[in-house]
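Structural description and commentary
Given next are the chains, with one letter for each unit.
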Amino acid sequence: MPDKVKHAELAQKALDAYLHEHSGIRRWCHPRASDVIGECDFIDLVTDLMLLAEAKGHDPHGVIRKVEAHLQAETGLSS
């Protein structure tokens, strides 16, 4: 199984770059003052990735289904 810590570090870099480009402007919610990163930030990033997938000719809903299956396989989590 891939190293989850390494994957989390790479994802953190991607999220940091995404948030830097948004200059702190959040589209639909604001995290609590104690939260540096809110759940909405993850949702906005994933939504933008799905918009990119669609622009590149992929079905965003199909991609999400595959992500759910992949996450379940890697973590044992189920929806």
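Everything numeric here is computed off the predicted structure, so don't read it as measured data. The residue count restarts for each chain, going from 1 along the sequence in the order it is written. Totals for whole chains, interfaces and linings use all residues, but because this is a predicted model, local features are given only for residues with pLDDT of at least 70 and pairs of side-chain atoms are given and counted only at 80 or more. Hydrogen atoms and water are omitted, and side-chain values are computed over all heavy atoms in the structure.

**Describing the pattern of salt bridges**
Stated precisely, the cut-off is as follows: In the sections that follow, a salt bridge refers to a side-chain nitrogen of Lys or Arg positioned within 4 Å of a carboxyl oxygen of Asp or Glu. Exposure classes here rest on a 1.4 Å probe applied to the protein chains alone. A residue is buried below 20% of its type maximum, exposed above 50%, and partly exposed in between.
Evaluated as defined, the whole model comprises 1 salt bridge. Taking the shortest distance from any N to any O, the salt bridge between D59 and R65 comes out at 3.6 Å. For D59, a relative accessible area of 41% puts it in the partly exposed group. With relative accessibility at 52%, the residue R65 sits in the exposed group.

**Some words on the packing of helix 2 (residues 39–55) against helix 3 (residues 60–75)**
Heads up, the condition is: Orientation is described by axes fitted as lines to C-alpha atoms, over the contacting stretch for helices, and by angles from 0 to 180 degrees between their N-to-C directions. In this description a helix means any DSSP run of H or I spanning at least four residues, a strand means any run of E spanning at least two, and both kinds are numbered starting from the N terminus. Orientation categories follow fixed angle ranges, with anything under 35 degrees roughly parallel, anything over 145 roughly antiparallel, 65 to 115 roughly perpendicular, and all other angles oblique. Handedness of a crossing is defined here by the sense of rotation of the near helix relative to the far one, left-handed for an anticlockwise turn of less than a right angle and right-handed for a clockwise turn. Contacts are residue-level and defined by heavy atoms, with any inter-residue pair within 4.5 Å sufficient. Three classes are used, and their members are as follows: Ala, Val, Leu, Ile, Met, Phe, Trp, Tyr, Cys and Pro are nonpolar, Asp, Glu, Lys and Arg are charged, and the others, Gly among them, are polar.
It is at 9 Å that the axes of helix 2 and helix 3 come closest, and there the two elements cross at 125°. In this view, helix 2 runs oblique relative to helix 3, as classed from their interaxial angle. Here the hand of the crossing between helix 2 and helix 3 comes out right-handed. Every residue of helix 3 that contacts helix 2 at V46, M50, A53 and E54 is listed here: P60, V63 and I64. Split into classes, the residues belonging to the contact of helix 2 with helix 3 amount to 6 nonpolar, no polar and 1 charged.

**Here we look at helix 2**
What counts here: To estimate the expected span of a helix, count its residues, drop one, and scale the result by 1.5 Å.
The terminal C-alpha atoms of helix 2 lie 25 Å apart, and with 17 residues this matches the ideal 24 Å at 1.5 Å per residue to within 8%. Burial in helix 2 covers these residues: C40, D41, D44, L45, M50 and A53. Structurally, helix 2 contributes buried residues whose contacts are with helix 1 (4–22) and helix 3. In the segment just after helix 2, G57 is the residue with positive phi, at about 95°.

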